[in-house]
Amino acid sequence: MYFYKKKVVTDKKKLCGLTAAEIFELIEPWGYSLSHAVAITNSLYKVKASGIAGISKIPKALKEKLSLEFEMGVDKPVRCEKSADGAIKYLFQSDSGLEFETVYIPDGKRNTVCVSAQSGCRMGCSFCATASYGFRGNLSAGEILSQVIGIPEAGRITHVVFMGMGEPLDNYDNVLKSCEIINSEWGKAISRRNVTVSTVGLLIGIEKFLNNSQCNLTLSLHSPFPEERKQFVPVEKFYPSGEIIRLMKEYPRVKKRRFSLAYVMIDGVNDSDEHLQALRELITGSEIRINLLPYHPTEKGGYKSSSPEKMNYFKHNLMISGISASVRKSRGSDISAACGLLASSLKR
Ligand code: SF4
């Protein structure tokens, strides 16, 4: 485990988390233009300028004026743990002391960062370590973005997934704003096709998200049977997954936007032939994909992952039914870094 420098908290306002339009609103009364605002966001989100003095293409007088009230405000991780397979888990701490985790997952040309939207979570999914950590608070857009631009590998990131701590649609406004900044040319400029928001199914948030963002959406399903799903994912009681899948099927498709189901496979629990058949019936004929994920045991114990053979059996049978299915590799299991199952055992 590596430790970084102790976090220094100042009382200055933060630029990180602001859109180009918001920065323009700040500097317009001082006589500066939208192109100055875009120069600031480019330096902040793309170039990783270390401070306001390092922002390029803006006048010195603007830097001086900004510096009086603002700082860049990109949080850096306070700790990190590296897996034998190359995945790296970072621990961040907000100014108010909230802790949250991020996982960087290199895989050939594809480098994914798995970000948290909240510190802890209040959804209470039975198999998830974050649920036992409890809910500590929502992360601001700046704190979410810091997980993408504040890690040492920021320049190599190609994909962003909201599958870390928390339910992203329970922190809708900050997640949507982060997606806008990650996608925008004036921001991090990562294509919306490479950004995925994963939810356990807050229907109201899903409807808003589909209408206001072009990013991909994943529903964490884990059982095709509503009664069984309620035991894993209590939110099923209020927002039935059948409703959400119907919405995903009927929603007008925008080119290359992906809708998928995440299915964490647990040995002897949700990997029977009956589950396979019900999964098939649920999405045959649609363009919804299925990602089959290995289960990462938590400290509570109790469950173990389905075998690789069983996972490939599911994949094969789904594919011959015309369903796009994939088996996700287990990454970072030695550092408790499974996406969607980030351990709350924030090892100190
Ligand atoms: S699986 Fe996701 S939504 Fe459910 S408790 Fe864990 S972090 Fe929250």
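Residues numbered from 1 in each chain as written. Predicted model: local features only at pLDDT ≥ 70, side-chain atom pairs only at ≥ 80, totals over all residues.

A few words now on the site of the ligand. Inspection of the region around the ligand gives twelve residues, with C121, M123, C125, C128 and A131 positioned closest. Per-class residue counts for the shell around the ligand are seven nonpolar, four polar and one charged. (Near = placed C-beta within 6 Å. Nonpolar A, V, L, I, M, F, W, Y, C, P; charged D, E, K, R; others polar.)

What follows is about the nonpolar core. Proteins that are soluble and globular tend to have nonpolar side chains buried together. Judged by nonpolar contacts, the single largest core of 93 residues is most densely connected at V160 and Y263. It is strand β13 (residues 259–265) that provides the largest number of residues to this core, a total of six residues. Here Y263 is in contact with L221, H222, I290, N291, L292 and L293, once residues within four sequence places are set aside. (Core = buried A, V, L, I, M, F, W, Y, C linked by C-beta atoms within 7 Å. Buried ≥ 20, exposed ≤ 12 C-beta atoms within 10 Å, placed from the backbone. Helix = DSSP H or I, 4+ residues; strand = E, 2+ residues; numbered from the N terminus. Contact = placed C-beta atoms within 7 Å.)

Turning to its location among the elements, E167 is positioned in the loop between β10 (159–162) and α6 (172–183). Each residue touching E167, except ones within four places of it in the same chain, is listed here: Q118, C121, M123, T199, V200 and L202.

Burial runs high along strand β11 (residues 195–199): five of the five residues are buried. Side chains V195, V197 and T199 of β11 all project onto a buried face; the interleaved residues T196 and S198 project onto the opposite face, where all are buried too. Pairing geometry for β10 and β11, over three bridges, is parallel. Among the inter-strand pairings, V161 is bridged to a residue of β11, identified as T196. The parallel pair β10 and β11 is bridged by α6, and the resulting crossover is right-handed. Here β11 pairs with strand β12 (residues 216–220) via four bridges, running parallel. When the bridges of β12 are listed, T196 appears paired with N216. Between the parallel pair β11 and β12, the chain is carried across by helix α7 (residues 203–212), and the sense of this crossover is right-handed. (Pairing = 2+ DSSP bridges. Right-handed = clockwise from strand over helix to strand, strands pointing away.)

Right, let's get into unusual backbone geometry. For K57, which is not glycine, the phi dihedral falls at a positive 65°. The residue K57 is located in the loop between α2 (34–47) and α3 (60–69) in this model.

A common way to report how large an interface is uses the accessible area buried once the components associate. Each domain of the protein was delimited in the assignment, giving domain 1 (17–71) and domain 2 (79–335). Each of domain 1 and domain 2 has a C-alpha centre, and the two are 34 Å apart. In this complex, domain 1 contributes nine residues to the contact, which on the side of domain 2 involves twelve residues. Top element by residues in the side of domain 1 that touches domain 2 is α2. It accounts for five residues. Of the residues belonging to the side of domain 1 that touches domain 2, the class tally is three nonpolar, four polar and two charged. (Domains from an automatic or database assignment.)

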